[in-house]
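Examination of the molecular architecture
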Protein chains: 2
Amino acid sequence: MKDIEIAQQAELWPINKVAQDAGIPLEKIEPYGHFKAKIDLPLNVKRVPKRSGKLILVTAVSPTPAGEGKSTITIGLGDALKAAGKKTMIALREPSMGPVMGAKGGATGGGFAQVLPMEDINLHFTGDMHALTSANNTLAALIDNHIYQGNELNIDPRRVVWKRALDINDRALRNIVIGLGGTTSGIVRQDGFDITVASELMAVLCLATDIEDLKERIAKILVGYTYDGQAVTVGDLQVQGAITTILKDALKPNLVQTLEHTPTLVHGGPFANIAHGCNSVLATKTALELADYTVTEAGFGSDLGAEKFLDIKTPVLGKTPDTIVIVATVRALKMNGGLSKNELNEENIAALKAGYSNLARHIHSMQRYGVPVVVAINRFVTDTDQELDCLQELCRTQGVVAQLANVWEQGGAGAQKLAQAVIASCDEKSEFTPLYSQKMTLAEKITTIVTQIYGGSDVVYAPKARKQLKEFAKHGWDQLPVCMAKTQYSFSDDPKLLGAPQGFSIHVREFVPKLGAGFIVALTGNVLTMPGLPAKPAADQINIDYLGKISGLF
Amino acid sequence: MKDIEIAQQAELWPINKVAQDAGIPLEKIEPYGHFKAKIDLPLNVKRVPKRSGKLILVTAVSPTPAGEGKSTITIGLGDALKAAGKKTMIALREPSMGPVMGAKGGATGGGFAQVLPMEDINLHFTGDMHALTSANNTLAALIDNHIYQGNELNIDPRRVVWKRALDINDRALRNIVIGLGGTTSGIVRQDGFDITVASELMAVLCLATDIEDLKERIAKILVGYTYDGQAVTVGDLQVQGAITTILKDALKPNLVQTLEHTPTLVHGGPFANIAHGCNSVLATKTALELADYTVTEAGFGSDLGAEKFLDIKTPVLGKTPDTIVIVATVRALKMNGGLSKNELNEENIAALKAGYSNLARHIHSMQRYGVPVVVAINRFVTDTDQELDCLQELCRTQGVVAQLANVWEQGGAGAQKLAQAVIASCDEKSEFTPLYSQKMTLAEKITTIVTQIYGGSDVVYAPKARKQLKEFAKHGWDQLPVCMAKTQYSFSDDPKLLGAPQGFSIHVREFVPKLGAGFIVALTGNVLTMPGLPAKPAADQINIDYLGKISGLF
């Protein structure tokens, strides 16, 4: 049965029932249809300090293009914790429509571990992405209009760094020239579109702690430089009020449910390869306030999403994870062990053992933070018992509990043992140790990430990046954390270098200051902030019948 | 008191109560927050033919840049009809965010004749504009991807006619070059963005009668031509299923309420100067099914919105208006009589009489269709009694009832007499006569519109337009109706030619085939399909406080 068929057969609870079950006062619920709602924060108007529940961060090994089922495990684990009698909430990112129309598939789990209504969540949901696109491009239009209408701030059109954005995979918009057509149609300059999830506004929305903080962060956003090299921010343009207004509703976390009615907040959706890869601070905080166990995920492998969760999101959230779950699959490890995509259906213990080096490094990197680690083995039908035993044994040897999970087929029932392992792990002693101090220079921070997390040996800066390091230090921006933009397929910046490569260099070609988000993006290798569509895009298969029933979504 | 303050002090009914009041079954209501809903059509699942209520079309004289209060009168008239005990619904277009951030102000009425919640409706509302933007640009990305991935359909990149779109006033995007950056970033070609309301998808959404019809229309959309001059449609690309899926929810009419709780459908929002300027067929049909009196409006003066309502929308709607209300103001007529903006506060009977020629022509044009006409004089505080008497007398001389309305100050109570005049007028005999036959050629249709509605003498075609006329005849597209894109300020294509000019030519510079919408757009004069922002955009004043309260919206 396809994911969409399982989803369409499900009997959902009315969203008010989900809210009541989660302990959310109904007057805080703004329904969007019958099965989605926004939560009008703060829940706790008097801001009485409240005991926080346990936080479980789900991350993964280096993924294959098919994905390792990280969202699926997150959802199934949440369902299993709920079934075990624990008050549980799940906090996920919201999907981008670009990949939905492209290749990746949805981001709402799969099989019997899904969040619903999956069609809505994967398409427009409650409009957050659209609000971000709109805010991003309104700001871009205001910048170009400022230059066109006299340029009081003396902005150098060649040095506008604020790009336009669309929630679409559209390679043709990566590099464009705008303002053609004569004196009434703007100023000619080079520009480009990023995918909306890579917009700084997405990061700002995910890190803002309330609407005032959102506005303050937006005011700090760097949009370009003057002809004499001074930074120009949104605050200088004095349009932070309008941009914040456009994001008013997008700031409110979205409530939905799993197939097993576990209350789930799906809010904020930066990719982990080109952005910081975590759901919103507000959603995670809300879940922590309401539930005893909050299960959240960070994008791609632990080198990307988890590192950024721990080094970028955690300081704002004010709460560190009580357990980190690393999702691994026999298939991904065999691929990391050297097999090609069409060799994965055969048992191959040697390849599994070779590929285990990848999981081993992810475990080691996460243990580095002082948080207990549990491995979740996402079971596939092609996995043999011998492979599964071997993988569990390898983990045991490294001193880590590894539990099988089969949530795709069984939902929460397929993660009972994993849930018990996680509950036990959350009671273990955890002493969070940050990876780096904010006082280190940008270069020092990057070296730390590369050597401690990626297992690389050094960092090579392109001339432009080297020049920027000096400039940024002058501006005082070198005290900010770093957000690495890197391929998800390898610890290195070469997507073909699988397993646990050693002795490699990371190549930083350019930095992008995100002063509102409060970090500096380092673009490594060939990573792109606007994806393209494949030769056979998913859009070709999507259809809708006269009753409005969608097919071909996944 | 500012509009937004009146709106924020209003006590709204929960949307379910509004729905019940309108006779909409609650299981058809999909709430978006507490005060907005989408209606899951069809209401009448068995499609039993139902007596249709009366249809009142509100249009206006040639407007001044400040607008003549057409939406305000539409809303106030609806409230007055309801207060008079008539089962009433209002059917309006939804605002575009571009002008909201730019100059125009909102599109939700004003004073005590408003639809609410005005902040939401003027910003993201229920996401329809965003869905259209998204569908428009997904299609654009799929076209460019098709060319990039081998171009099986042999599309000539120089002849792609499908443009990108944003719901933003952004002159810098009118003319752009895309696909720069080398072999991995697409094919270089010239392109441009229209404002979303000018997208053919907006017209298609507004004219579609159900989801099947929507999909069929989308399949017919022309996207470009092959190297050997063959038309290429969305159907050739086979992505109509995906594009329709993206528009699934946008197709459902949106229910809100006025300050006086009159149920109002706000759905579809093409501009009348660059598109067909009417709200959706589905919303109007729904209102006609439910109410005894449906009040709807078409954009700008009767030469634009009303002509298109009567010649483009009416054939699809299958119902012609029972009365046409023409909104006039003393101020607009004085301006049409030769006064400048800052001379309008002084009494000036001579200028009013001179400017009446404009109203006279609008009346005459509308009477041409065989539908009874009523003039609504939207009263301003600066109007003197002598001016108002004079204007009513001029209308009486032309054989038309003219009623004062003061809904801005008094809401529905300010339109009691107007409502009675409209009720009486709806009972008059009405024999609708279409302006032109679809069998006429495009040039014949345009000549008919220009001479019969605009009062011009002839049409001048630019070489490109002349060439297109021949091409389109070959393709068999000359049997479609024409959608004139023309300045709203004059009957002519010169915005400075006010009053009732004569002997002028209309200059058609280019045609744009909208085969899904089922009409051919004729671009006249300098009219632009992407507006720009003014030197002091409204965005500069918009703000939001820590409680989420918006200010400066209007």
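What counts and how
Residues numbered from 1 in each chain as written. Chains lettered and ligands numbered in written order. Predicted model: local features only at pLDDT ≥ 70, side-chain atom pairs only at ≥ 80, totals over all residues. Heavy atoms only, no water. Salt bridge = Lys/Arg side-chain N within 4 Å of Asp/Glu carboxyl O. Helix = DSSP H or I, 4+ residues; strand = E, 2+ residues; numbered from the N terminus. Buried < 20%, exposed > 50% of the residue type's maximum accessible area, 1.4 Å probe, protein only. Phe/Tyr/Trp six-rings, centres within 6.5 Å; stacked < 30°, edge-to-face > 60°. Polar contact = N/O pair within 3.5 Å; in protein donor to acceptor, adjacent residues only side chain to side chain. Contact = heavy atoms within 4.5 Å. Buried area = accessible area lost by both parts, 1.4 Å probe. Pairing = 2+ DSSP bridges. Axes fitted to C-alpha atoms, helices over the stretch in contact; angles between N-to-C directions. UniProt positions renumbered as here; feature names shortened; annotations may be inferred. Least-squares fit on C-alpha atoms with pLDDT ≥ 70 in both. Domains from an automatic or database assignment. 1 Å grid on protein atoms, 1.4 Å probe; cavity = no way out; pocket = protein on both sides within 12 Å on 5 of 7 lines; lining within 4 Å. Points joined across faces, edges and corners; volume = space filled by probe spheres on them. Nonpolar A, V, L, I, M, F, W, Y, C, P; charged D, E, K, R; others polar.

Re the pattern of salt bridges
This model, assessed by the stated rule, comprises 45 salt bridges over all chains. Residue Arg 189 of chain A pairs with Asp 144 of chain A through a salt bridge whose shortest N-O separation is 2.8 Å. Here Asp 144 of chain A lies in helix α6 (residues 128-148) and Arg 189 of chain A lies in strand β10 (residues 189-191), a separation of 45 residues in the sequence. For the pair shown, Arg 189 of chain A and Asp 144 of chain A are each scored as buried. Between Lys 248 of chain A and Asp 249 of chain A there is a salt bridge whose closest N-O contact spans 3.6 Å. For Asp 249 of chain A, a relative accessible area of 16% puts it in the buried group. Salt bridges linked by common partners bring Asp 144, Arg 164, Arg 189 and Asp 191 of chain A together with Asp 170 of chain B together as one network.

Some words on the packing of aromatic side chains
Residues and elements named next belong to chain A. Enumeration over the complete set of coordinates arrives at eleven aromatic pairs over all chains. Residues Tyr 369 and Phe 432 carry aromatic rings whose centres are separated by 5.9 Å and whose planes lie at 20° to one another, so their mutual orientation is stacked. A residue pair is termed long-range when its members are at least 10 positions apart, and Tyr 369 in the loop between α14 (349-367) and β18 (373-378) and Phe 432 in the loop between α17 (416-426) and α18 (442-454) qualify at 63 residues. Relative accessible area serves as the criterion here: at 23%, Phe 432 is assigned to the partly exposed category.

Focus: the side chain of Ser 280 of chain B
All names here are of chain B. Tracing the chain through its elements places Ser 280 in the loop between β15 (263-266) and α11 (281-290). Overall, Ser 280 belongs to the buried group, its relative accessible area being 0%. A distance of 2.9 Å separates the side chain of Ser 280 from the backbone nitrogen of Ala 283, its partner in a polar contact. Not counting residues within four places of it along the chain, the set of residues in contact with Ser 280 comprises Leu 205, Cys 206, His 267 and Lys 313.

Section: the interface of chain B and chain A
Facing 66 residues of chain B, the contacting portion of chain A comprises 66 residues. Here chain B meets chain A over a buried area of about 5,600 Å², counting both sides, of which 63% is carbon and sulfur. On the chain B side of the interface with chain A, the three residues burying the most area are Arg 171, Thr 245 and Ile 544 of chain B, jointly 10% of the side's total. Remark: the boundary between chain B and chain A carries two salt bridges. The salt bridge partner of Asp 170 of chain A is Arg 164 of chain B, with a shortest N-O separation of 2.9 Å. In this structure, the connection of chain B to chain A is made through 31 residue pairs in polar contact (both at pLDDT 80 or more).

Topic: the side chain of Lys 36 of chain B
Residue and element names in this part refer to chain B. For Lys 36, the position within the fold is in the loop between β1 (29-31) and β2 (37-39). Side chain to side chain, Lys 36 and Asp 120 meet in a polar contact 3.0 Å long. Contacts of Lys 36, omitting those with residues within four sequence positions, involve Ile 15, Glu 30, Pro 31, Pro 117, Asp 120, Phe 125, Thr 126, Leu 255 and Val 256.

Observations regarding the sheet that holds strand β13 (residues 231-233) of chain B
Residues and elements named next belong to chain B. Here we have three strands laid out as an open sheet, ordered β7-β12-β13, and antiparallel in their pairing. Each having just a single partner strand, β7 (155-160) and β13 make up the two edges of the open sheet. Between one strand and the next, the sheet's axes are offset by a mean angle of 50°, whatever the strand orientation. Where strand β12 (residues 222-226) and β13 come together, three bridges link them in antiparallel fashion. Of the residues in β13, the one forming a bridge with Tyr 225 is Ala 231.

With respect to the environment of Ala 7 of chain B
Tracing the sequence through the fold places Ala 7 of chain B in helix α1 (residues 3-9). Overall, the relative accessible area of 6% leaves Ala 7 of chain B in the buried class.

With respect to the pairing of strand β20 (residues 458-461) of chain B
Residue and element names in this part refer to chain B. Here β20 shows a buried face lined by Val 459 and Tyr 461 and an unburied face lined by Asp 458 and Val 460. The pairing of β20 with strand β22 (residues 505-514) spans four bridges and is parallel. What sits directly across from Val 459, in β22, is Ile 506.

Quick notes on the UniProt feature "binding site: ATP" (unreviewed entry) in chain A
Residue and element names in this part refer to chain A. UniProt feature "binding site: ATP" (unreviewed entry): in the numbering of this structure it lies at Thr 64, Pro 65, Ala 66, Gly 67, Glu 68, Gly 69, Lys 70 and Ser 71. With respect to the helices and strands, Gly 67 occurs in the loop between β3 (54-60) and α3 (70-83). Turning to its location among the elements, Ser 71 is positioned in helix α3. Using a relative accessible area of 16% as the deciding quantity, one classes Ser 71 as buried. Once you skip the residues sitting within four places of it in the chain, Ser 71 turns out to touch Ala 107, Gly 109 and Glu 297.

Brief notes about the sheet that holds strand β12 (residues 222-226) of chain A
Residue and element names in this part refer to chain A. Ordered by their spatial adjacency, three strands build an open sheet running β7-β12-β13, and the pairing between neighbours is antiparallel. At either end of the open sheet lies a strand with only one pairing partner, and these are β7 (155-160) and β13 (231-233). Geometrically, the sheet is characterised by an average inter-axis angle of 50° between neighbouring strands, direction not taken into account. Here β7 pairs with β12 via two bridges, running antiparallel. Among the inter-strand pairings, Ile 155 is bridged to a residue of β12, identified as Thr 226. The sheet contacts of α6 involve β7 and β12, and relative to β7 the element is tilted by about 135°.

What to know about the relation of the copies chain B and chain A
Of the transformation superimposing chain B on chain A, the axial component is 0.0 Å and the angular component is 180°, with the fit at an RMSD of 0.0 Å. Within this description, the copies of the chain are treated as partners about a two-fold rotation axis. Nearest to the rotation axis, the C-alpha of Tyr 32 of chain B is located 2.2 Å from it, this being the minimum over chain B. The residues that chain B uses at the interface reappear at the interface of chain A in 100% of cases, marking a shared surface.

Here's the deal with the environment of Asp 79 of chain B
Residue and element names in this part refer to chain B. Here Asp 79 lies in helix α3 (residues 70-83). With relative accessibility at 2%, the residue Asp 79 sits in the buried group. A sequence separation of 169 residues divides Asp 79 from Lys 248, and the C-alpha atoms of the two residues are 31 Å apart. Leaving out residues up to four positions away in the same chain, Asp 79 has contacts with Ile 90, Thr 258, Glu 260, Thr 262 and Gly 412.

Details of the domain arrangement of chain A
Residue and element names in this part refer to chain A. Taken domain by domain, chain A consists of domain 1 (3-127 + 250-426), domain 2 (128-246) and domain 3 (442-524). The C-alpha-based centres of domain 1 and domain 3 are spaced at 26 Å. On the domain 3 side, the residues contacting the 25 residues of domain 1 number 23 residues. Of the roughly 2,000 Å² buried between domain 1 and domain 3, counting both surfaces, carbon and sulfur atoms make up 59%. Broken down residue by residue, the surface that domain 1 buries against domain 3 is led by Asp 303, Ile 312 and Arg 361, which jointly contribute 31%. Across the domain 1-domain 3 interface, the total number found is one salt bridge. Residue Lys 486 pairs with Asp 303 through a salt bridge whose shortest N-O separation is 2.8 Å. At the junction of domain 1 and domain 3, the tally comes to ten residue pairs in polar contact (both at pLDDT 80 or more). Residue assignment for the side of domain 1 that touches domain 3 shows that the elements contributing at least two residues are α12 (302-317), α13 (330-336) and α14.

What to know about unusual backbone geometry
The residue after Leu 116 of chain A, namely Pro 117 of chain A, is reached through a cis peptide bond having omega -5°. Position of Pro 117 of chain A among the secondary structure elements: in the loop between β6 (113-116) and α5 (118-122). Here the amide bond leading from Leu 41 of chain B into Pro 42 of chain B is cis, since omega sits at -5°, within 30 degrees of zero. On the secondary structure map, Pro 42 of chain B appears in the loop between β2 and β3 (54-60). At Phe 125 of chain A, a residue that is not glycine, the phi angle is positive and equals roughly 50°. Turning to its location among the elements, Phe 125 of chain A is positioned in the loop between α5 and α6. With a relative accessible area of 6%, Phe 125 of chain A lands in the buried category. One non-glycine residue, His 261 of chain A, lies in the positive phi region at around 65°.

A few points about empty space enclosed by the protein
Inspection of every chain in the model, using the stated rule, returns nine cavities of 30 Å³ or more. What lines the largest cavity is a set of 28 residues, among which Thr 126 and Gly 127 of chain A together with Phe 125, Thr 126 and Gly 127 of chain B lie closest to the centre. Mapped by element, the contributors of at least two residues to the lining of the largest cavity are α6 of chain A together with α5 (118-122) and α6 (128-148) of chain B. By residue class, the composition of the lining of the largest cavity is nine nonpolar, nine polar and ten charged. Estimates place the volume of the second largest cavity at around 150 Å³. The wall of the second largest cavity is formed by 14 residues, among which His 130, Thr 133 and Leu 166 of chain A together with His 130 and Thr 133 of chain B lie closest to the centre. Breaking the lining of the second largest cavity down by element, the ones donating at least two residues are α6 of chain A together with α6 of chain B. Here the lining of the second largest cavity is composed, by residue class, of four nonpolar, eight polar and two charged.

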